[in-house]
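Listed below, chain by chain, are the residues.
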Amino acid sequence: MDMISPEGYRDLHANDSWEELAKERARLVQSLRRYELHYDDQNGQEMCPSASLVYQFELEFLRELCDLIRIAMCRETGEVDCFGDDELDEEEDEEDCRFETA
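Throughout what follows, the structure given in this document is the object of discussion. (Residues numbered from 1 in each chain as written. Predicted model: local features only at pLDDT ≥ 70, side-chain atom pairs only at ≥ 80, totals over all residues. Heavy atoms only, no water.)

## Examining the overall build of the chain
Counting its secondary structure elements, the chain contains 4 helices and 0 strands. Mapped in sequence order, the helices and strands of the chain form the string α-α-α-α. Residue burial in the chain is summarised as follows: out of 102 residues, 31% are buried. The contacts of the chain with a sequence gap of at least 6 include a subset with a gap of at least 24, amounting to 73%. Carbon and sulfur atoms form 48% of the exposed surface of the chain, whose accessible area is close to 7300 Å². (Helix = DSSP H or I, 4+ residues; strand = E, 2+ residues; numbered from the N terminus. Buried < 20%, exposed > 50% of the residue type's maximum accessible area, 1.4 Å probe, protein only. Contact = heavy atoms within 4.5 Å. Areas by Shrake-Rupley, 256 points an atom, 1.4 Å probe, with all protein chains shown as cover.)

Rendered as structure tokens:
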């Protein structure tokens, strides 16, 4: 399995519609849940990359995806002020739209 960085994943989905992003979120959540439900079954199996590494990356992907969903919702509904943004400049870099993390 080829792995992609969280930044590469974000770039891959940056222009997706809200509906496409929602489908991808459902796919990711299903994959994460499958790992969580079957962790004991996978523990000790030889995989490259390991199941736990894939899980960690998918958690990072989910974080990126949630931010992309927020941006797509703003873009498609025009309701940018519901997220505390006064305005969403179309030329604004997406990095400026990301959630702040502590």
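## Some remarks on the environment of Ser-5
If you trace the backbone, Ser-5 turns up in the segment before α1 (6–13). Separated by 56 residues in the primary sequence, Ser-5 and Phe-61 have C-alpha atoms spaced 8.5 Å apart. Not counting the four nearest positions on each side in its chain, Ser-5 is found in contact with Phe-57 and Phe-61.

## Some thoughts on the packing of α1 against helix α4 (residues 51–77)
At their nearest, the axes of α1 and α4 sit 9 Å apart, and the two run at 35° to each other. Classified by chirality, the crossing of α4 by α1 is right-handed. Between α1, through Pro-6, Tyr-9, Arg-10 and His-13, and α4, the contact on the second element is made entirely by Phe-57, Glu-60, Phe-61, Glu-64, Leu-65, Asp-67, Leu-68 and Ile-71. Tallied by class, residues from the contact of α1 with α4 come to 7 nonpolar, 1 polar and 4 charged. (Axes fitted to C-alpha atoms, helices over the stretch in contact; angles between N-to-C directions. Left-handed = near helix turned anticlockwise from the far one by under 90°. Nonpolar A, V, L, I, M, F, W, Y, C, P; charged D, E, K, R; others polar.)

In short, shape yes, function no, at least from these values alone.
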